[in-house]
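Architecture at a glance
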Amino acid sequence: MRLSNSAKHSPPTSLFEAFVDSGSPYCYFYASIGKAIGIKVESGIKDSLGGIVKGSLSDVFFHDVTLYVGADIVKIKAAFSDGLSVAGILGRTGFFDHFIVTFDHSGIPPCFDIQRIGRA
């Protein structure tokens, strides 16, 4: 996947991997990814996050970004943090509300399929 800064119409990042997490309420990314696309991370809407961050809680800052998943492009609100333990988390708001994810555990290795939800 890739990200770009919706406000500045920046070119998208290089490809990077993110975890698909149906338990996550939002999409979260390393702060350095936001900074690389011209976002002043700390100027966003502040919240806190626990569980998937280093330490008990970490500050996160929400911004509007463009998410590129394969050939699909969607505008989402995502949070950025220095405390994430992975480069990206794709959660319910921002990812699962735009894509259907089907997991197939019968194969070796298991795999999944992502399908864009059609909007009228």
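Read on for a plain summary of the structure. All figures in this text were calculated on a predicted structure; none of them were measured in a lab.

A closer look at the environment of Thr66
Note that Thr66 resides in strand E5 (residues 58-69). Separated by 28 residues in the primary sequence, Thr66 and Gly94 have C-alpha atoms spaced 9.9 Å apart. Excluding residues that lie within four positions of it along the chain, Thr66 makes contacts with Arg2, Leu3, Ser4, Ser6, Ile73, Val74 and Lys75. A polar side-chain atom of Thr66 sits 2.9 Å from a polar atom in the side chain of Ser6.

Considerations on the pattern of salt bridges
All told, the structure shown has 3 salt bridges when counted by the stated rule. One salt bridge connects Asp59 with Lys46, and the closest N-O pair in it is separated by 3.6 Å. Linking Asp59 in strand E5 with Lys46 in strand E4 (residues 45-49), this pair joins segments that are 13 residues apart in sequence. In this structure Asp59 comes out as partly exposed when scored by relative accessible area, which is 38%. The class for Lys46 is exposed, based on a relative accessible area of 54%.

Looking at the side chain of Ser6
As for its position among the elements, Ser6 is in the loop between strand E1 (2-5) and strand E2 (19-20). The contact partners of Ser6, leaving out residues within four places of it in the chain, are Asp64, Val65, Thr66 and Lys75.

Considering the nonpolar core
Counting residues in hydrophobic clusters, the biggest one holds 23 residues, and the most contacted among them are Leu3, Phe29, Val65, Leu67 and Phe95. Residue assignment for this core shows that the elements contributing at least two residues are strand E3 (27-30), helix H1 (31-36), E5, strand E6 (72-81) and strand E8 (99-104). When near neighbours in sequence (up to four residues on either side) are disregarded, Val65 contacts Leu3, Ser4, Ser6, Ile37, Ile39, Val74, Lys75, Ile76, Ala78 and Phe80. Of all hydrophobic cores here, the second largest spans 8 residues; its members include Leu49, Val60, Ala79 and Leu84.

A look at the side chain of Ser24
Tracing the backbone shows Ser24 in the loop between E2 and E3. At a separation of 2.7 Å, a polar atom in the side chain of Ser24 contacts the main-chain carbonyl oxygen of Tyr26.

Looking at unusual backbone geometry
Following Ile108, the chain continues to Pro109 via a peptide bond in cis, the omega torsion being 0°. Mapped onto the elements of the fold, Pro109 is located in the loop between E8 and strand E9 (111-116).

Re the packing of aromatic side chains
Applying the stated rule across the entire model yields 7 aromatic pairs. When the centroid spacing of 5.1 Å and the interplanar angle of 75° are considered together, the rings of Tyr26 and Phe62 count as edge-to-face. Here the residue Tyr26 occupies a position in the loop between E2 and E3, and Phe62 occupies one in strand E5, the gap between them amounting to 36 residues. With a relative accessible area of 33%, Tyr26 lands in the partly exposed category. With relative accessibility at 10%, the residue Phe62 sits in the buried group. Between Phe103 and Phe112, the ring centres sit 5.8 Å apart and the planes meet at 40°, which makes this aromatic pair tilted. On the basis of relative accessibility, which here comes to 45%, the residue Phe112 falls in the partly exposed class. The structure contains a cluster of three or more aromatic residues connected by ring pairs, namely Phe16, Phe29 and Phe80. Above the ring of Tyr68, the side-chain terminus of Arg2 is found at 5.0 Å from the ring centroid.

Scoring rules and cut-offs
- Residues numbered from 1 in each chain as written.
- Predicted model: local features only at pLDDT ≥ 70, side-chain atom pairs only at ≥ 80, totals over all residues.
- Heavy atoms only, no water.
- Helix = DSSP H or I, 4+ residues; strand = E, 2+ residues; numbered from the N terminus.
- Contact = heavy atoms within 4.5 Å.
- Polar contact = N/O pair within 3.5 Å; in protein donor to acceptor, adjacent residues only side chain to side chain.
- Salt bridge = Lys/Arg side-chain N within 4 Å of Asp/Glu carboxyl O.
- Buried < 20%, exposed > 50% of the residue type's maximum accessible area, 1.4 Å probe, protein only.
- Core = buried A, V, L, I, M, F, W, Y, C linked by side-chain atoms within 4.5 Å.
- Phe/Tyr/Trp six-rings, centres within 6.5 Å; stacked < 30°, edge-to-face > 60°.
- Lys NZ or Arg CZ within 6 Å of the ring centre and 35° of its normal.

Remember that the coordinates give geometry; whether it matters functionally is a separate question.
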